[in-house]
Amino acid sequence: MHLDQASITTLARQLLATERSATAVVKITDAHPAMDIDDAYAIQDAIRAIKAEEGADVRGLKMGLTSAAKIVQMGVKEPIYGFLDSATGHASGAVIATSALIHPKVEAEIAFVLRRPLQGPGIGIDEVLAATDYVVAAIEVIDSRYENFRFDVNSVIADNTSAACYVLGSARHAVAGRDLAEVAITMRRNGETVAAATGADVLGHPAASIAMLANMLGARGRAIPAGVLVLSGGATEAIAVTAGDAVSVDCGWLGKVDVAFS
Ligand code: OOG
Ligand code: MG
């Protein structure tokens, strides 16, 4: 750690104000080049604590930068995790106002809910699948608080991995007898195919992303709780959206999820 508690709190409040005013700032490592990954997660934790104090349910979790497409697009090579505010969750068919966002992009994701908690080290795909209650198709809407979506790993971790909101398909599926690596994922914007992938594009298997999260959290003395939504990360590159766009993600046997932007 290089930042003191006062700086962590100040940076957390600044990033939260940026999110709420929907006006981008330069990445925080420009002013704090010495900050490390522990500082970055401490700032994210401080934002989470403020939202929890305000009454938000912030138990949900997300992985990010878990596919080659995302890594190439953002130029950041390591998977990262963040938290989800359940108040930002929507059902398929939702209409999301772009006025509250800076420069939203959509991602096609597979979401997991576990029936029992998982904590690393040593968690693998088999442990995740055995602990999975259900999976569901999802669209994550990301909205970096940084100008032009330009950041490095520590800046984006502090900014809660660009999390803005998410939309879930209506069909929940058990994983027994199914192969999540083979799920074919197609994203359409206004009817036109804009990105495609398979489940295997997420770290070889979407459950590998959840396993990595359990191991990353375990290293910090935390666990993935049972019963909370966990996003495994965008399978394709993220696609920019503006008011008037309609986005549809088709995840084969996992079902479809739709969102529109006003
Ligand atoms: C960081 C968030 C990445 C994902 O699914 O890869 C993410 C970003 O690209 O802004 O949510
Ligand atoms: Mg994502």
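The structure displayed is predicted, hence computed values, not measured ones.

**Topic: the coordination of the magnesium ion (ligand 2)**
- Summarising the metal site, the magnesium ion (ligand 2) is bound by the protein donors Glu-107 (OE), Glu-109 (OE) and Glu-140 (OE), whose distances to it range over 2.0 Å.
- The sequence pattern describing where the donors of the magnesium ion (ligand 2) fall on their chain is E-x1-E-x30-E. Remark: Glu-140 occurs in strand E6 (residues 132–142) and Glu-107 occurs in strand E5 (residues 105–114); sequence separation between them is 33 residues. Neither Glu-107 nor Glu-140 differs from the other in exposure class; each is buried.

**Brief notes about the site of ligand 1**
- Around ligand 1 sit 17 residues, and of these Lys-62, Leu-65, Lys-70, Ser-162 and Gly-234 come closest.
- A distance of 2.6 Å separates an oxygen atom of ligand 1 from a polar atom in the side chain of Ser-162.
- Relative to its unbound accessible surface of 310 Å², ligand 1 loses 100% to contact with the protein.
- Those elements giving two or more residues to the shell around ligand 1 turn out to be strand E1 (60–64), helix H3 (68–74), E5 and E6.
- Ranked by residues supplied to the shell around ligand 1, first place goes to E1 with three residues.
- Across the shell around ligand 1, the residue classes break down as seven nonpolar, five polar and five charged.

**Thoughts on the packing of aromatic side chains**
- Applying the stated criterion across every chain yields a total of two aromatic pairs.
- Taken together, a centroid distance of 4.3 Å and an interplanar angle of 20° make the contact between Tyr-41 and Tyr-81 stacked. Here Tyr-41 is found in helix H2 (residues 37–53), whereas its partner Tyr-81 is found in strand E2 (residues 80–84), with 40 residues between them in sequence.
- The ring of Phe-149 is capped by Lys-105, whose NZ or CZ atom sits 4.0 Å from the centre of that ring.

**Here we look at unusual backbone geometry**
- Residue Pro-121 is bonded to the preceding Gly-120 through a cis peptide linkage, with omega at 10°.
- Inspection of the secondary structure assignment puts Pro-121 in the loop between E5 and helix H4 (125–131).
- At Thr-161, a residue that is not glycine, the phi angle is positive and equals roughly 50°.
- If you trace the backbone, Thr-161 turns up in the loop between helix H5 (153–158) and strand E7 (163–168).
- Phi angles above zero are rare outside glycine, and Ser-162 is one such case at about 65°.

**Considering the pattern of salt bridges**
- Counting across every chain of the model gives nine salt bridges.
- As a salt-bridge pair, Asp-57 and Arg-59 come within 3.0 Å of each other at their nearest N and O atoms.
- The salt bridge involving Glu-140 is made with Lys-62; its shortest N-O contact spans 3.0 Å. Highlighted residues: Glu-140 in strand E6 and Lys-62 in strand E1, separated in sequence by 78 residues.

Criteria and thresholds
- Residues numbered from 1 in each chain as written.
- Chains lettered and ligands numbered in written order.
- Predicted model: local features only at pLDDT ≥ 70, side-chain atom pairs only at ≥ 80, totals over all residues.
- Heavy atoms only, no water.
- Donors = N, O, S within 2.8 Å, 3.2 Å for Na, K, Ca; no water.
- Helix = DSSP H or I, 4+ residues; strand = E, 2+ residues; numbered from the N terminus.
- Buried < 20%, exposed > 50% of the residue type's maximum accessible area, 1.4 Å probe, protein only.
- Near = heavy atom within 4 Å.
- Polar contact = N/O pair within 3.5 Å; in protein donor to acceptor, adjacent residues only side chain to side chain.
- Areas by Shrake-Rupley, 256 points an atom, 1.4 Å probe, with all protein chains shown as cover.
- Nonpolar A, V, L, I, M, F, W, Y, C, P; charged D, E, K, R; others polar.
- Phe/Tyr/Trp six-rings, centres within 6.5 Å; stacked < 30°, edge-to-face > 60°.
- Lys NZ or Arg CZ within 6 Å of the ring centre and 35° of its normal.
- Salt bridge = Lys/Arg side-chain N within 4 Å of Asp/Glu carboxyl O.

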